[in-house]
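Each chain, written out:
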Amino acid sequence: MIRLFRKTFFLGLVFAFAAIGAEAQNTNINPATVNVNALSDKQIEKIISEMEKNGMSLEEAMALARARGASQTQIDQMTQRIRDYKLKNQFTGAEVEQGLELPADLSAGDELSEKKEFDATEKNKEIFGFHFFNSENLSFAPNVNVPVSDSYALGIGDEVNIAVYGASQQSYMLVVQKNGAIIIPDLGPVNVYGMSFAKAGEKIKSRLISIYNGMQGNQPNTFADVSLGALKGVKVNVIGEVNLPGTYALPATASVFNALYLAGGPNENGSFRVIDLIRDGKIINSVDVYEYLIDGKTQNNVQLRDQDVIMVRPYVNRIKVAGEFKRTGLFEAKDGELVADILRYAGGFTDKAYTHALDLYRNNSRTLSFVGVTADQYKEIALMNGDSIQAGAITERFENRISIAGAVYRPGDYQLLEGMKLSELIAKAEGLKEEAFMERGVITRKQKDLSLEAISFSPREVLNGKADVLLQREDRIQISSIFDLREARTVEIVGEVQFPGTYAWAENMKIADLIFQAGGFLENAEVSSVEVSRVLDYNETQELTKSLLHTYQYGLDRNLKLDAEGEAFVLNAFDKVYIRRAPGYRPQGAASVQGEVKYAGEYGITRKDEKISDVIRRAGGLTPEAYVKGASLRRRIELSEAEYQAKVAIAMQDTTMNAEEVEKVQYQIVGIDLPKIMKNSGCVEDLQVLDGDQLMVPSKLETVMVSGSVLNPVAHTFSDRKKAKDYILSSGGFAQRAKKGKVYVLYANGTTAATKGGLFGRRFPRVEPGCEIIVPEKPEVDKAANASKWLAFTSTLASLITAIAVATR
């Protein structure tokens, strides 16, 4: 009961910190409402005191807190607060008097260093190993969240946790002091500095036996577990030939490579082969980065301790490696290393390397020398500082290659065997094809001076055994097809067939055969007269005549049946067949009528001479609302290729035109006089209707538009009593730069009328409903430019007058 009361009383202290002391008897406070981070150090001290008074470990106290409803976050925060307080206040005044010093900043430690960017020189980037410490994909950034190995050496400030369990229960959170020892209560100091974690644990357990007898014997009832808590970071100095020398803060588990990574690795003068780790003024280890890069060995990448110094020495022997090696760049060699060693560092030769010898260029301090190193000397010749080694590529030279191309079943490269002849090569190529030209083939052969020689042979005689050729290295044999030696034989059909074009010629090919291949006739084809043109034959071209072609005409029906003479006619290569269009055929055309007609829409053009009046009659005539004078015709004009190119060329030379705006299909407004057309059908104004024409008959128009260089461009209501000048005045009158004598009127039907001058002044055009009065504007004059011109003119004139006066004296 007393034990239970003490635990309950303790819990009241833990989660009711506002009521600490003898008065803290209230056990009904909800621990979930307590803000652990808001507790003061005095409250934490009181909690630890109550835990010790009741003989409870931290684990037991937190378990009871969890049972009372505390969250895991609260428990973690409380555990950390208690541990931090113990680290700061663990030692008594007597211990301080004995010379035991508290390590600086044990709770948090120094902030870890981060890798900084720097501008590496081009030479630095060429050094083998530089990218090892400066690669985006390879990072030696130390990881603080890794389990501590048994080989970890304890350092000053490391936290050692001891848990005693079994018949006796106790826990200790201890810190390695500056004298290298941890202080175990009731036991005293135990020196663990520099010891491996495994050996330190054994030593601590052996010392605990003196105060925990249950740990002795073959059947102990008390046990101890030693673990590491927070580890004190280390500060190391990286000096010498490094890219970023300085002091770096690293985790306690950091190694030499971690520090070199932060320092950017050796610089262009630094050594990758001799990197010394100095501790307490003594070199305790020397790191060769090549052992890791080449062989993957890590035994020299030892753990760092606080105040260690990493010294990167200058390189001793630097070797340049270039050419056909797997790795190229600047390498480092130790004294006594051989060419074979640098070959291993360079990863060996590439697949295209000449491996029988290397070129070695050597610096003799005054001059350069060249050493040809053969393969048997790779393990004999030692390297020197400044050496340059190059591996050449194998030459594109085949010792036993021959090739055959052309009319054989398996063209390509073949192995030249001793005494091999042409007939044997043809047999290896699976023989000649049926279309092989049997009268001549050619062997192209390289002579001793590499000039070429042509050797001709007859494939027929080679196959018959009458002749044969002994082959040599790099011979190229060409056997052509009969089709390779003559122009491609074709026939052509043009005109009214579905697929006009060029087709392969075949022997005994008839006219009907070619028409069949071209998809047959179109509906508009004239089949009664098919024409064939034929070039002059070889014998006819031997003499100069006026003849160019032979022509033949034959009739056939739509079932491709010819008369007897036509059926006997056989097409020759290069013949051209013409299928004409039937004389009465015309493609369907249509014109549209819109606006004030009875039946607006499209109308097919039924006759070649159909007129505007004919189409309007077919549309049911005009409606009463039609404004006949305003009718207009919009005509579709499709330019031929020649016309289009001519217009583009003109537009490119004319600054007022844009060549990109020239289109093949254009529309033009044609001014028509519909009242006259409807009154006198067939008159000159009654134009013939073409395919694509658009006839527009507007409704009655009641406005007149005034635009251009007037003060107020606006539309006005039409009045029979007003003239053009009246409308201009109604728009505010002429603007300052108006060209009054160039006023013109654009009528609704697309025609225009210009102002006329005379003895009695200007006569403006008549005005009709729907028209537009346009007042052009004078171009803006550059007064400064005009002044300059007049100044130049007067200066020239004065000079001329002076010259004349001098000449007449």
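Shown above is the structure to which this text applies.
I will try to describe carefully the structure that is included in this document. Predicted model only: the values in this text are computed from it and were never measured. Within any chain, residue numbers begin from 1 and follow the written order of that chain's sequence. Reporting in this predicted model follows two pLDDT cut-offs: at least 70 for local features of residues, and 80 or more for side-chain atom pairs to be given and counted; totals over whole chains, interfaces and linings ignore these cut-offs and use all residues. In computing side-chain values, all of the structure's heavy atoms are included and hydrogens and water are not.

## Concerning the overall build of the chain
Item 1. In terms of helices and strands, the chain carries 20 helices and 35 strands.
Item 2. Accessibility here uses a 1.4 Å probe with only protein chains present; expressed as a share of the type maximum, an area under 20% marks a residue as buried, one over 50% as exposed, and anything in between as partly exposed. Considering the chain as a whole, with its 809 residues, one finds that 37% of them fall into the buried category.
Item 3. The contact criterion used throughout is that any non-hydrogen atoms of two residues lie within 4.5 Å. Residue pairs in contact within the chain that sit at least 24 positions apart in sequence constitute 61% of those at least 6 positions apart. Only runs of H or I of at least four residues qualify as helices and only runs of E of at least two qualify as strands under DSSP, and these elements are numbered from the N terminus.

## A look at the sheet that holds strand 34 (residues 752–754)
Item 1. Between any two strands, at least two bridges found by DSSP are needed for them to pair. The strand order 32-31-35-33-34 describes an open sheet built from five strands, whose pairing is mixed. Each end of this open sheet is capped by a strand with a single partner; those strands are strand 32 (714–717) and strand 34. Here the average twist between neighbouring strands, direction ignored, is 20°. Only C-alpha atoms enter the line fits that serve as axes; for helices the fit covers just the stretch in contact. Angles between N-to-C directions range over 0 to 180 degrees.

## Details of the packing of aromatic side chains
Item 1. When two rings of Phe, Tyr or Trp (its six-membered ring) have centres within 6.5 Å they constitute a pair, described as stacked for plane angles under 30 degrees, edge-to-face for angles over 60, and tilted for the intermediate range. Counted according to the given criterion, the structure contains 16 aromatic pairs.
Item 2. When the centroid spacing of 5.3 Å and the interplanar angle of 80° are considered together, the rings of Phe 128 and Tyr 290 count as edge-to-face. Of this pair, Phe 128 sits in the loop between helix 6 (122–126) and helix 7 (130–133) while Tyr 290 sits in helix 10 (residues 289–295), and the two are 162 residues apart along the sequence. Each member of the pair, Phe 128 as well as Tyr 290, is classed as buried.
Item 3. Taking the centre distance of 5.4 Å and the plane angle of 75° together, the rings of Phe 257 and Tyr 292 count as edge-to-face. Of this pair, Phe 257 sits in helix 9 (residues 256–262) while Tyr 292 sits in helix 10, and the two are 35 residues apart along the sequence.
Item 4. Residue classification places Phe 257 among the buried residues on the basis of a relative accessible area of 3%.
Item 5. Among the aromatic residues, those joined into a cluster by ring pairs are Phe 132, Phe 133, Phe 257, Phe 272 and Tyr 292.
Item 6. Placement of a charge over a ring requires the Lys NZ or Arg CZ to be within 6 Å of the ring centre, with the centre-to-atom vector within 35 degrees of the ring normal. Sitting over the ring of Tyr 667, Arg 634 keeps its end group 4.1 Å from the ring centre.
Item 7. A cation sits over an aromatic face here: Arg 766 above Tyr 747, 5.0 Å from the ring centre.

## Observations regarding the sheet that holds strand 15 (residues 388–391)
Item 1. With respect to topology, five strands assemble into an open sheet ordered 12-11-15-13-14, the strand pairing being mixed. Each end of this open sheet is capped by a strand with a single partner; those strands are strand 12 (329–333) and strand 14 (368–374). Strand-to-strand twist across the sheet, computed as the mean angle between neighbouring axes with direction ignored, equals 25°.
Item 2. Where strand 13 (residues 357–363) lies against strand 15, three bridges are found, and the strand directions are antiparallel. Note on strand 15: the bridge partner recorded for Leu 360 is Ile 389.

## Focus: the pairing of strand 3 (residues 181–184)
Item 1. What you see with strand 3 is no split at all: Ala 181 and Ile 183 on one side and Ile 182 and Ile 184 on the other are buried throughout.
Item 2. Examined bridge by bridge, strand 3 and strand 4 (residues 188–191) share four bridges and lie antiparallel to one another. Of the residues in strand 4, the one forming a bridge with Ile 183 is Pro 189.
Item 3. In sequence, strand 3 turns back onto strand 4 through a hairpin of three residues, with Asp 186 there showing a positive phi of about 70°.

## Describing the pattern of salt bridges
Item 1. By definition, a salt bridge exists where a carboxyl oxygen of Asp or Glu is found within 4 Å of a side-chain nitrogen of Lys or Arg. One pass over the full model with this rule turns up 23 salt bridges.
Item 2. Between Glu 610 and Arg 618 there is a salt bridge whose closest N-O contact spans 2.6 Å.
Item 3. Residue Glu 610 is classed as buried on the basis of its relative accessible area of 4%.
Item 4. One salt bridge in this structure joins Glu 685 and Lys 676, with 3.2 Å as the shortest N-O distance.
Item 5. According to the relative accessible area criterion, Lys 676 is partly exposed, its value standing at 35%.
Item 6. When salt bridges with common partners are traced through the structure, they connect Arg 273, Asp 288, Lys 334 and Glu 337 into a single cluster.

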